[in-house]
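Geometric and topological summary
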Amino acid sequence: MRHLSGAIVVLAVWVAASSTNSAPPRPDDERKTEEEIARIVGYSMTRGGASAFLETLTDTIGGRITGSPESQATAELILKSLKEAGLENAHFEEYELGSVWRYGRATAELVSPVHRSLYIGSYGWVPGTPGPIEVPVADFGAPGEGRTLTPEQVRGAAVIVDQQSSGVSSTYAGARLMIAKQMAQAGAEAMFIVSDKPDRMVYTSAFGFYPRGPLPILSIAKEDAALLRRLLAKGAAKVRLNIENSFGSGPGRERNVVADIKGSEAHEMVLLTAHFDSWDAAQGANDNGAGVATVLEAARILKALQIRPKYTIRFVFFSGEEQLANGSRAYVEQHKAELDNIRAMINTDSGAQEPLGLQLNGRQDLEATTKKLLKPLASLGANGLSLDADFDSDHESFIVAGVPAYELLVKRGDYDVRHHTIVDTFEKIRPSLLGMHTAVMAVIGYQFANANDRPGRRLSHTEVIELLKKTGLEPLYRLEYPDAKP
Ligand SMILES: [Zn+2]
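Here we summarise the structure given alongside this text. Residue positions within a chain follow its written sequence, with the count starting from 1. For a predicted model such as this one, the threshold for reporting local features is a pLDDT of at least 70, and the threshold for listing and counting side-chain atom pairs is 80 or more; totals across whole chains, interfaces and linings nevertheless cover every residue. In computing side-chain values, all of the structure's heavy atoms are included and hydrogens and water are not.

Description of the overall build of the protein
Note the cut-off: Secondary structure elements are taken from DSSP: a helix is a run of H or I of four residues or more, a strand is a run of E of two residues or more, and numbering for both begins at the N terminus. Buried means the residue's accessible area, taken with a 1.4 Å probe over protein chains only, is under 20% of the maximum for its type, while exposed means over 50%, and partly exposed covers the values in between. Pairs of residues are marked as contacts when any of their non-hydrogen atoms sit within 4.5 Å. The accessible surface values rely on the Shrake-Rupley method and a 1.4 Å probe; as for residues, cover is taken only from the protein chains in view. When charges are counted, Lys and Arg contribute as positive and Asp and Glu as negative, whereas His and the chain ends are disregarded. Every charge is mapped onto a representative atom, which is NZ of Lys, CZ of Arg, CG of Asp or CD of Glu.
For the protein, the count of helices and strands is 16 helices and 18 strands. Taking all 486 residues of the protein together, the buried fraction comes to 57%. Of all intrachain contacts in the protein linking residues separated by at least 6 positions in sequence, the fraction that spans at least 24 positions is 83%. As presented, the protein carries roughly 19300 Å² of accessible surface, and 52% of it is formed by carbon and sulfur atoms. Both charge centroids of the protein, one from 52 positive and one from 60 negative side chains, sit 1 Å from each other.

Overview of the coordination of the zinc ion
For clarity, the threshold we go by: Here a donor is any nitrogen, oxygen or sulfur atom (N, O, S) within 2.8 Å of the metal, with 3.2 Å used for Na, K and Ca; water is not among the atoms considered, so some sites may look incomplete. Geometry is assigned from donor-metal-donor angles: four donors are tetrahedral when every angle falls between 85 and 135 degrees, four are square planar and six octahedral when opposite donors sit over 155 degrees apart with all other angles between 65 and 115, and any other arrangement is irregular.
The zinc ion binds to the protein through His-275 (NE2), Asp-287 (OD), Asp-349 (OD) and Asp-349 (OD), with metal-donor distances spanning 1.9 to 2.6 Å. Bound by 4 donor atoms, the zinc ion shows angles of 52 to 144° at the metal and therefore irregular coordination geometry. As a motif over one chain, the donors of the zinc ion read H-x11-D-x61-D. With Asp-287 in helix 8 (residues 285–304) and Asp-349 in the loop between strand 15 (342–347) and strand 16 (355–359), the pair connects residues that are 62 residues apart, well separated along the chain. Of the two residues examined, Asp-287 and Asp-349, each falls in the buried class.

Observations regarding the sheet that holds strand 17 (residues 384–386)
Applied cut-off: When DSSP locates at least two bridges between a pair of strands, those strands are taken to pair. Think of each axis as a best-fit line through the C-alpha atoms, taken over the contacting stretch in the case of a helix, with angles from 0 to 180 degrees between the N-to-C directions.
Spatially, the 8 strands line up as an open sheet ordered 1-12-14-13-15-18-16-17, and their pairing is mixed. At either end of the open sheet lies a strand with only one pairing partner, and these are strand 1 (88–97) and strand 17. On average, each strand axis in the sheet is tilted by 25° relative to the strand beside it, whichever way the strands run. Of the strand pairs in this sheet, strand 12 (residues 252–261) and strand 14 (residues 311–318) are connected by 5 bridges, and their pairing is antiparallel. Bridging across to strand 14, Val-257 finds its partner in Phe-317. Of the strands in this sheet, strand 1, strand 12 and strand 14 are in contact with helix 4 (residues 69–84), which crosses strand 12 at around 15°.

Some details on helix 15 (residues 461–470)
Put simply, the test is: Throughout, the arc means the angular range of directions from the helix axis out to the C-beta atoms.
All of the buried residues along helix 15 are Val-464, Ile-465, Leu-467 and Leu-468. Angular distribution of buried residues about the axis of helix 15 spans 160°; they occupy a single face of the element. In helix 15, the exposed positions that point more than 90 degrees away from the buried face belong to Thr-462 and Lys-470. Those residues of helix 15 hidden inside the fold are in contact with helix 12 (395–400) and helix 16 (474–480). Once helix 15 finishes, Gly-472 follows within two positions and takes phi at roughly 80°, a positive value.

Written out as structure tokens, the structure reads:
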């Protein structure tokens, strides 16, 4: 790595002392890199800044659905924090949101043949019921199981679909949307999707339903679904539903938050990103308050240490991820003239789980350079690489644009249990893991922004399609980009 003009070199005492021993002298720039990385990691682990920010975010704002006042307040909190830390070029970037949606209260009770309250929750971006309704229940079973319902059974009913998954694989999301459309066309009043969460927890998501789902779609606790299905095997059952969701009258506005640490060659950049919107059953602590807190703290630490990289490090906080990666899609659209200048985008949206390295999203060509750049993270166990690819977060918008796009790789742990449920709360997040995430994101930003070699080049549209085919992501791409050219 070369010396950077104008960079402020802060040498600690031990480095000065170590130069007096008999080891052969090492190049200044190598020593400087080692020293700066040590300081970045040390600050990350000891300042507690990510944890403090996450506590403020979760306690004062909490859940923050795209397009809501809470989402606005979050964007403002992030911008204020970036400005206070002295980041350059800190600003909002606005874009149009296809529709605005509000959670209403959602209640369900079994009224016949016995009376019980049911644990349910609404999916996002689906309509409510026209006031309280009493409807029969029908059991569609699991897709592919071969069960059929007559049109009479579906019309006017709440239909249970046992699609026990909260994943976003193309087959899953595509099937869920297709079934929902068929149920709506057949005149169903509502659709229950059996939750795969433990302990009567329900799940939410808008994936496939944004900008407007075809009917009220409700997650039902698997224990309650099991009761309904047992009763239905013996006879009829009736539920009372009252789902008070509502849509705004037209399209809405949302904002991404952007700030820079300018490099000496400022026009080329590395993006560190996280989405700040969440579901509001809880506080969006792990998804993705943790990612926001770590990217923000990484920015503050790099700034506080007066790091002056070769290329600009840009910190982007997206809104609208939970609907259709709206914020990152808008970013790619608004910055299309400069996508060639993005050397890499590194996204974190896997929660404060133990960091392991980077996911390359199928880009084998990125492997060699990335491996070298992650070397300083070996002692933290965070220098691993995975060729896996997914569309699970905002990196998808950059994969589609051909930009080298990474997702922070973590140990899955209990992520899926908390994901989009009532228990995604602050006290479950370990501050030490937030510190480690901060360290890893900051070092990655530092390394990528000082590397002479690009990790890989931007792919052409044809090469992107090849990559999506190879990684199995093409069906999901077709679902999410129905108007894209083949
Ligand atoms: Zn997320």
